[in-house]
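Report on the structure
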Amino acid sequence: MLRSLVGSEMCIRDRVSTQSTGIPPSSMALRRASFHPLRHLSRKCPMRALSTQRTTHFGNSEVPWEDKEKLVHSVFSSVASKYDIMNDLMSGGVHRLWKDELIKQLNPTPYMKLLDVAGGTGDIGLRFLDHVAGYYGTQTTRTGLNVQEGGGLIVSDINADMLKEGEKRFEEVYGQDLDSKGVSFMVGDAMDLHQIPDSSVDAYTISFGLRNVTDQPQALREAFRVLKDRGRLLVMEFSHVENPLLRTAYQQYSDHVIPEIGNAVAGDRGSYKYLVESIRKMPTQQKLAEMLSDAGFQQVLYRNLTFGVVAIHSGSVRK
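Residues numbered from 1 in each chain as written. Predicted model: local features only at pLDDT ≥ 70, side-chain atom pairs only at ≥ 80, totals over all residues. Heavy atoms only, no water.

In this section: the pairing of strand 9 (residues 310–316). Among the 7 residues in strand 9, 7 count as buried, and that is most of the element. Of the two faces of strand 9, both are covered, the one formed by Val310, Ile312, Ser314 and Ser316 as well as the one formed by Ala311, His313 and Gly315. Note that strand 7 (residues 227–238) and strand 9 share 7 bridges and pair antiparallel. Looking across to strand 9, one finds that Glu237 is bridged to Ala311. Hairpin connection of strand 8 (residues 298–305) to strand 9: 4 residues between the antiparallel strands, including Thr306 at a positive phi of 50°. (Buried < 20%, exposed > 50% of the residue type's maximum accessible area, 1.4 Å probe, protein only. Helix = DSSP H or I, 4+ residues; strand = E, 2+ residues; numbered from the N terminus. Pairing = 2+ DSSP bridges.)

Below is the structure:
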């Protein structure tokens, strides 16, 4: 208390002449503070406020909590048109195998209603429909979905530029008027899916998107809210390589090769540098499994792909 009061008095002391008082300013400040501690608090020289601003990571940087969403939006607007080709170049095409594994684990049917969050350019959604097409005699639309029995696909992303790229891809395969075929696109925030009613979807997927969410536990709680009883969550995300030698090699590739590919192909080194840095900030496989459990999911499991470069976490809902 005294230290804070002294700090305020030290602002006042500059207006006091030592020649007129004969007392050093600091001594005067202490003396005056001891007798009238509140009278001399100066509004012109406020005490230094303790920082209470909430921050989070954006790659390797700490940024205000409310700024991350805008920064991530800017990154993906920048890379949207080159996103698919960059995925092929950065992973050597292996990302296609990872996504195939996600769909195999989901095992969709024409009657399933899937919400694909951070669905971007539609990789997961297109694979979902490809798998559904294997069920003969149950489809009611060109997409293979049985819309009358509740089948459907909602592709959600916070970035409209990414969604536009995805919608173009779907129209190339399935034509116009996708809504009538059970497919819709929605600009939505994983932390606040207010457009989606409670307990309304059978499955929720998020592929390489969770690490870009500011409040990951809140996004998982939203996933639990929108899923029906016995619904399923699948999270595919870059994770942590456990083997030390492989981890070192992977980090070197990520740090030095991926940003340069981004610069050469997309003309955007900075965005791909962020994407690499964001991977390091992801929780470990075990920690993410605990986060799913904390959000209410049961039967939480995970499995590593490519030595832990990627992991698929799954959980089920009981309401």
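This brings us to the nonpolar core. Soluble globular proteins: nonpolar side chains tend toward being buried together. With 30 residues, the main nonpolar core has Trp98, Leu106, Phe128, Leu129, Leu153, Phe170 and Val310 as its most contacted residues. Mapped by element, the contributors of at least two residues to this core are helix 6 (94–106), helix 7 (123–132), strand 4 (152–157), helix 8 (160–174), strand 7 and strand 9. With 5 residues, the top contributor of residues to this core is helix 7. Each residue touching Phe170, except ones within four places of it in the same chain, is listed here: Gly122, Gly125, Leu126, Leu129, Leu153, Val155, Gly175, Leu178, Val183 and Phe185. Core analysis: the second largest hydrophobic core is formed by 28 residues, Leu233, Leu292, Ala295 and Val317 among them. (Core = buried A, V, L, I, M, F, W, Y, C linked by side-chain atoms within 4.5 Å. Contact = heavy atoms within 4.5 Å.)

This part covers unusual backbone geometry. The backbone of Ser199 sits at a positive phi, close to 50°, despite the residue not being glycine. In this fold, Ser199 is placed in the loop between strand 5 (183–187) and strand 6 (201–207). A residue is classified by how much of its surface remains accessible, and Ser199, at 36% relative accessible area, is partly exposed. The backbone of Phe307 shows a phi angle near 65°, a positive value even though the residue is not glycine. Relative to the helices and strands, Phe307 is located in the loop between strand 8 and strand 9.

Take the packing of aromatic side chains next. Here the structure, examined in full by the defined rule, presents 6 aromatic pairs. A ring pair is formed by Phe224 and Phe297, whose centres lie 5.4 Å apart and whose planes are at 85°; its orientation type is edge-to-face. Taken together, the residues Phe224 in helix 9 (residues 216–226) and Phe297 in the loop between helix 13 (285–294) and strand 8 connect sequence positions 73 residues apart. For the pair formed by Phe224 and Phe297, the shared burial category is buried. Members of the aromatic cluster, each reached through a chain of ring pairs, are Trp98, Phe208 and Phe238. Sitting over the ring of Phe224, Lys319 keeps its end group 5.3 Å from the ring centre. (Phe/Tyr/Trp six-rings, centres within 6.5 Å; stacked < 30°, edge-to-face > 60°. Lys NZ or Arg CZ within 6 Å of the ring centre and 35° of its normal.)

Scanning the entire structure with this criterion turns up 14 salt bridges. Ionic pairing is found between Arg280 and Asp255, a salt bridge with its closest N-O pair at 2.8 Å. Of the two residues, Arg280 sits in helix 12 (residues 269–280) while Asp255 sits in helix 10 (residues 244–256), which places them 25 residues apart along the sequence. Looking at Arg280, the relative accessible area reads 35%, which means it is partly exposed. Here Asp255 falls in the partly exposed class, since its relative accessible area comes to 31%. One salt bridge in this structure joins Glu277 and Lys273, with 2.4 Å as the shortest N-O distance. Taken together, the residues span about one helical turn, with Glu277 and Lys273 both in helix 12 at a distance of 4 residues. (Salt bridge = Lys/Arg side-chain N within 4 Å of Asp/Glu carboxyl O.)

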